[in-house]
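Reading the structure
Below, each chain spelled out in residue letters.
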Amino acid sequence: MFPEFSSPGWFFLLLVPVLLEFLPEIRRRTYEEDRIHQYADPHLFPHLLLSGATAKTKKYKKIYWGFLWLLGSLAMAGPRWGYTDLEIRQPGSDLVILLDLSRSMEVKDVKPSRIARARQEIDDLLRLKSALRVGLIGYASVAHVLAPITEDAETLRNLLPSLSPELVRLPGSRLSSALDRAKRLFSFQLPGATRHLLLISDGDFDEPDLETMVSKLHQGGIQLHVLGVGTE
């Protein structure tokens, strides 16, 4: 059974020693013959040319390095016998969390504060739904991807304590930018996965095109869920 090669293009490397060997050799021999016939008589040739032993040693060295080059080219070409393609990642459930980091999330109408309760809700979710692939976006006037969609829930949980409105420089709360960034995150995922958005916010935003954006996300197979934080 003959092997198959994953990268047969590496066999073009075999042309390199052929070119390096024969092209300079042809030029060298032509030049040496011209020089020898110009400055020496034929009966002196044996004294000017390489001895048989020296020529044989040089030939063995070329065979040795040529053999190593051949083995290297074969290894780079990736020979394989009886392989099976495996899909490492399987479509599953992808969730992107949109965390409101606007100044109003510092209000303490719920204890200890709105942002602290939001972080706790995310932590509980990551503990209970370990099979989820989760991404995290923090937004106020501008949305930032804090973590791409990942299976590493522990890293996300370690990130949570550092998230607060103090990280935000510009005031405001623009949900549309967060929805747009979430849509881009989903575009890099495997097709066939269920896609969900979880918005955690205290509200306090008024954008005219939000309903249209949510409708388009729904048509694209992205479900939006909302978790309100704070008292009425």
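Structure report, in brief.

Time to look at the overall build of the protein chain. Along its length, the protein chain carries seven helices and seven strands. Traced from its N-terminal end to its C-terminal end, the protein chain shows the element sequence β-α-α-α-β-β-α-β-β-α-α-β-α-β. Across the 232 residues in the protein chain, those meeting the buried criterion constitute 30%. Long-range contacts, defined as pairs at least 24 residues apart, comprise 81% of the intrachain contacts of the protein chain with a sequence gap of at least 6. Working note: accessible area of the protein chain is about 16,000 Å², and carbon and sulfur atoms make up 60% of it.

Okay, the nonpolar core next. Ranked by internal contacts, the top residues of the largest apolar core, which has 23 residues, are Ile97, Leu99, Ile122, Leu126, Leu136 and Ile200. Every element with two or more residues in this core is listed here: strand E3 (93-100), helix H4 (114-128), strand E4 (133-139), helix H5 (153-159) and strand E6 (194-201). Looking at this core, the element that brings in the most residues is H4, giving four residues. Not counting chain neighbours up to four residues away, the residues in contact with Leu136 comprise Ile97, Leu99, Ile122, His144, Val145, Leu146, Ala147, Leu159, Leu160 and Leu163. Val96, Leu175, Leu199 and Leu217 belong to the second largest nonpolar core, which has 17 residues in total.

A few words on the pairing of E4. The buried fraction of E4 amounts to seven of the seven residues, a majority that puts the element mostly inside the structure. In E4, alternate side chains face the same way, and those of Arg133, Gly135, Ile137 and Tyr139 on one face and Val134, Leu136 and Gly138 on the other are all buried. Pairing of E3 with E4 involves seven bridges; the strand directions are parallel. Within E4, the position partnered with Leu98 by the bridge is Ile137. Once you follow E3 into H4 and on to E4, the crossover reads as right-handed. The antiparallel pairing of E4 with strand E5 (residues 143-150) creates a hairpin that spans three residues between the two strands.

With that settled, the discussion passes to the packing of helix H6 (residues 175-187) against helix H7 (residues 210-219). The geometry of H6 relative to H7 is characterised by a closest axis approach of 10 Å and an angle of 15 degrees between their N-to-C directions. If you check the angle between H6 and H7, you find them roughly parallel. As for the relative orientation of H6 and H7, their crossing is left-handed in sense. Every residue of H7 that contacts H6 at Leu175, Ser176, Leu179, Asp180 and Lys183 is listed here: Leu210, Met213, Val214 and Leu217. Residues of the contact of H6 with H7, tallied by class, amount to six nonpolar, one polar and two charged.

With that settled, consider the sheet that holds E4. With respect to topology, five strands assemble into an open sheet ordered E5-E4-E3-E6-E7, the strand pairing being mixed. Across the chains shown, the open sheet's two edge strands, defined by having one partner strand only, are E5 and strand E7 (222-228). Here the average twist between neighbouring strands, direction ignored, is 15 degrees. Strand direction decides the pairing type here: E3 and E6, joined by seven bridges, are parallel.

A word on the side chain of Asp94. Examined against the element boundaries, Asp94 turns out to sit in strand E3. With a relative accessible area of 0%, Asp94 lands in the buried category. Excluding its chain neighbours within four sequence positions, the residues that come into contact with Asp94 are Arg133, Ile149, Phe186, Gln189, Ala193, Thr194, Arg195 and His196.

Checked against the element boundaries, Arg133 lands in strand E4. Accessibility expressed as a relative area gives 5% for Arg133, which makes it buried. Looking at Arg133, its side chain comes within polar contact range of the side chain of Asp94, at 2.7 Å.

Here we come to the pairing of E5. Residues in a regular strand point their side chains to alternate faces of the sheet. The sheet contact formed by E4 and E5 spans five bridges and is antiparallel. When the bridges of E5 are listed, Ile137 appears paired with Val145.

Calculation notes
- Residues numbered from 1 in each chain as written.
- Predicted model: local features only at pLDDT ≥ 70, side-chain atom pairs only at ≥ 80, totals over all residues.
- Heavy atoms only, no water.
- Helix = DSSP H or I, 4+ residues; strand = E, 2+ residues; numbered from the N terminus.
- Buried < 20%, exposed > 50% of the residue type's maximum accessible area, 1.4 Å probe, protein only.
- Contact = heavy atoms within 4.5 Å.
- Areas by Shrake-Rupley, 256 points an atom, 1.4 Å probe, with all protein chains shown as cover.
- Core = buried A, V, L, I, M, F, W, Y, C linked by side-chain atoms within 4.5 Å.
- Pairing = 2+ DSSP bridges.
- Right-handed = clockwise from strand over helix to strand, strands pointing away.
- Axes fitted to C-alpha atoms, helices over the stretch in contact; angles between N-to-C directions.
- Parallel < 35°, antiparallel > 145°, perpendicular 65-115°, else oblique.
- Left-handed = near helix turned anticlockwise from the far one by under 90°.
- Nonpolar A, V, L, I, M, F, W, Y, C, P; charged D, E, K, R; others polar.
- Polar contact = N/O pair within 3.5 Å; in protein donor to acceptor, adjacent residues only side chain to side chain.

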